[in-house]
Amino acid sequence: MKKLAALLISLAMILAMAVTGCSSSGSGQTASPQPSQPAGSQTPAAGGDYPKSSIQVVVTFSAGGGTDLFARIVVDKMSQIVGVPIEVVNVPGGSATIGTTQVANANTDGYTIGFSISTPLCVTPLLGETSYTLEDMQPICNAYTVLHGIYVAADSPIQDVDDLIAFINEKGGTLSYAGSGTGNMQHMCLEEWASQADPEGTWNLTNVPYDGDPEEIVALMSGELPFATLQVHGAKSAVEAGNVRCIMIFGDTTPQWMTDGGYFGPNSVELGYECRVKGLVGFYGPAGMSADAVKVLSDAFHQAVQDEGVLESIANIGLEPDYRDTEAYTAGLEELVPVADDLLHQLGFIAG
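Residues numbered from 1 in each chain as written. Predicted model: local features only at pLDDT ≥ 70, side-chain atom pairs only at ≥ 80, totals over all residues. Heavy atoms only, no water.

**Topic: the overall build of the chain**
Phase 1: Broken down by element type, the chain carries 12 helices and 11 strands.
Phase 2: Relative to its full complement of 352 residues, the chain shows a buried share of 48%.
Phase 3: Summarising the internal contacts of the chain: among those between residues at least 6 apart in sequence, 78% fall at separations of at least 24.
Phase 4: Split by element, the accessible area of the chain, about 16,200 Å² in all, is 52% carbon and sulfur. (Helix = DSSP H or I, 4+ residues; strand = E, 2+ residues; numbered from the N terminus. Buried < 20%, exposed > 50% of the residue type's maximum accessible area, 1.4 Å probe, protein only. Contact = heavy atoms within 4.5 Å. Areas by Shrake-Rupley, 256 points an atom, 1.4 Å probe, with all protein chains shown as cover.)

Rendered as structure tokens:
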């Protein structure tokens, strides 16, 4: 009888451990205990069949950049929420189309999804350079919005946008500036603003492409070019160090770190310029994903960015969450397509 009692106690302990369990960390590489949930809280996956195994998030840029860092911060928390590992896999190249193509061709079960800016989803397909279009994707949710702005060197005589307009006019409307390439978000933002600042269409601005924000900042500081279009979060450290100044941010938002730090950075809308180009960055999967899987992932992200630790980590890389649910994110992407089509025609990237 004593042996039987001991056996029953051992079985009870094993069952208790199985029910309690442990879940994996958000990196998908090592296991760590689940943090305790607040009383009354419920994970998005509760009561559903999804997810049952690890999820792969294809980030369409190299490791270490803003998109990659943001993804790693939030998926770590999302993994804790949904109860399965979520692994970030970097698939850069082809102006973010290689990774996006991989997602478009993935199984529709929700275990391979993407995380990228809207360019490869809404802009590049218009150029006929992809095997997919936006219709081949299932938007999940927007995570943040990339802000771009016009910057000058700290010692530049150009103090604001009015000074820049006067400077361009003094040069007969022909001027070169630093950019990260042609036909991308920064280029389209600048051209959309220029069409309003120069309604007669007399300007001839040339985008000189650099490899990224750091190279553009060096060009500004060395006096190679009078102004540049930069990602706002990419220029954060240079602004804080007093090396460059922002004279306008495209859109209707000025980031909190600029406001709190007392840095000059008016946005184009408050200066009277329309900005229809939105650098939405979000999660998406292949068309055909179940509504349940989409909701689980969208809700998990939304819950993740309520966490103070997550918000602090995001703020440290100069970004701010901009959650938009599936409906709002889908609408934002769909609205961008005709805007991009119009601007690409104006720039001569699309004939006709």
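**Re the pattern of salt bridges**
Phase 1: Counted according to the given criterion, the structure contains seven salt bridges.
Phase 2: Residues K295 and D299 are paired through a salt bridge, measuring 2.5 Å at the closest nitrogen-oxygen approach. Placement of the pair is K295 and D299 together in helix α10 (residues 291-304), with a separation of four residues, close to one helical turn.
Phase 3: Owing to a relative accessible area of 25%, D299 belongs among the partly exposed residues under this scheme.
Phase 4: Sharing partners across several salt bridges, the network here consists of E192, R276 and D342. (Salt bridge = Lys/Arg side-chain N within 4 Å of Asp/Glu carboxyl O.)

**Observations concerning helix α7 (residues 213-221)**
Phase 1: Residues of α7 that are buried include every one of D213, E216, I217, A219 and L220, and no others. For α7, the angular spread of buried residues about the axis comes to 160°, placing them on one side.
Phase 2: Two residues or fewer after α7 comes G223, characterised by a positive phi angle close to 80°. (Arc of directions from axis to C-beta.)

**A few points about helix α2 (residues 66-82)**
Turn by turn, an α-helix covers 3.6 residues, leaving residues three or four places apart pointing in a common direction.
Phase 1: For α2, with 17 residues, the first-to-last C-alpha span of 24 Å sits near the 24 Å given by 1.5 Å per residue.
Phase 2: Of all 17 residues in α2, 13 are buried, a share of seventy percent or more.
Phase 3: Directly beyond the C-terminal end of α2, a positive phi value near 85° is found at G83. (Expected span 1.5 Å × (residues − 1).)

**Description of the pairing of strand β1 (residues 55-59)**
Phase 1: Burial within β1 is extensive, with four of its five residues counted as buried.
Phase 2: Of the strand pairs in this sheet, β1 and strand β2 (residues 86-90) are connected by five bridges, and their pairing is parallel. Bridge pairing in β2 places Q56 opposite E87.
Phase 3: Considered for its hand, the β-α-β crossover made up of β1, α2 and β2 is right-handed.
Phase 4: The sheet contact formed by β1 and strand β3 (residues 112-117) spans four bridges and is parallel. Directly across from V59, in β3, lies its bridge partner F115. (Pairing = 2+ DSSP bridges. Right-handed = clockwise from strand over helix to strand, strands pointing away.)

**Topic: the packing of aromatic side chains**
Phase 1: Throughout the structure, instances matching the rule amount to 12 aromatic pairs.
Phase 2: Each ring, one from F70 and one from F301, has its centre 6.3 Å from the other, and the planes form 35°; the classification is tilted. With a gap of 231 residues between them, F70 in helix α2 and F301 in helix α10 connect regions that are remote in the sequence.
Phase 3: Judged by its relative accessible area of 0%, F70 falls in the buried class.
Phase 4: Under the relative-accessibility criterion, F301 is labelled buried at 0%.
Phase 5: Through a chain of ring-to-ring contacts, three or more aromatic side chains come together here, namely F70, F115, Y144, F283, F301 and Y323. (Phe/Tyr/Trp six-rings, centres within 6.5 Å; stacked < 30°, edge-to-face > 60°.)

**Some words on the packing of α2 against helix α11 (residues 308-316)**
Phase 1: Contact pair α2 / α11: the axes reach a minimum separation of 10 Å and the direction vectors enclose 175°. Looking at the two axes, α2 sits roughly antiparallel to α11. Contacts between α2 and α11 involve F70, I73, V74 and K77 from the former and V310, S313 and I314 from the latter.
Phase 2: Broken down by class, the residue content of the contact of α2 with α11 amounts to five nonpolar, one polar and one charged. (Axes fitted to C-alpha atoms, helices over the stretch in contact; angles between N-to-C directions. Parallel < 35°, antiparallel > 145°, perpendicular 65-115°, else oblique. Nonpolar A, V, L, I, M, F, W, Y, C, P; charged D, E, K, R; others polar.)

**Quick look at the confidence of the model for the chain**
Phase 1: Overall, the prediction assigns the chain a mean pLDDT of 88, with 87% of residues at 70 or greater.
Phase 2: For residues 1-47, every residue scores under 50 in pLDDT, and the model assigns this stretch 44 contacts once sequence neighbours within four places are set aside. (pLDDT = per-residue confidence, 0-100.)

**Looking at the environment of E192**
Phase 1: Within the fold, E192 resides in helix α6 (residues 185-197).
Phase 2: According to the relative accessible area criterion, E192 is buried, its value standing at 3%.
Phase 3: Separated by 58 residues in sequence, E192 and F250 place their C-alpha atoms 9.6 Å apart.
Phase 4: In this structure, E192 is in contact with E274, C275, R276, V277 and L343, ignoring residues within four places of it in sequence.

**Some words on the sheet that holds strand β4 (residues 137-146)**
Phase 1: The six strands lie next to each other as β2-β1-β3-β10-β4-β11, forming an open sheet whose pairing is mixed. Each edge of the sheet is formed by a strand with only one pairing partner; in this case those strands are β2 and β11 (321-324). Averaged over neighbouring strand pairs, the angle between their axes works out to 25° when direction is ignored.
Phase 2: Contacts from α10 reach β1, β3, β4, β10 (279-286) and β11, with the element oriented near 15° to β4.
Phase 3: Lying over the sheet, helix α12 (residues 326-346) contacts β3, β4, β10 and β11, oriented at roughly 80° with respect to β4.

**Describing the nonpolar core**
Phase 1: The biggest cluster of nonpolar side chains holds 84 residues, and the ones touching the most others in it are F70, V74, F115, W193 and F283.
Phase 2: Examining the composition of this core, we find that eight residues originate from one element, α2, more than from any other.
Phase 3: In terms of nonpolar packing, the next biggest core, distinct from the first, is built from 19 residues, A219, L220, A238 and V244 among them. (Core = buried A, V, L, I, M, F, W, Y, C linked by side-chain atoms within 4.5 Å.)

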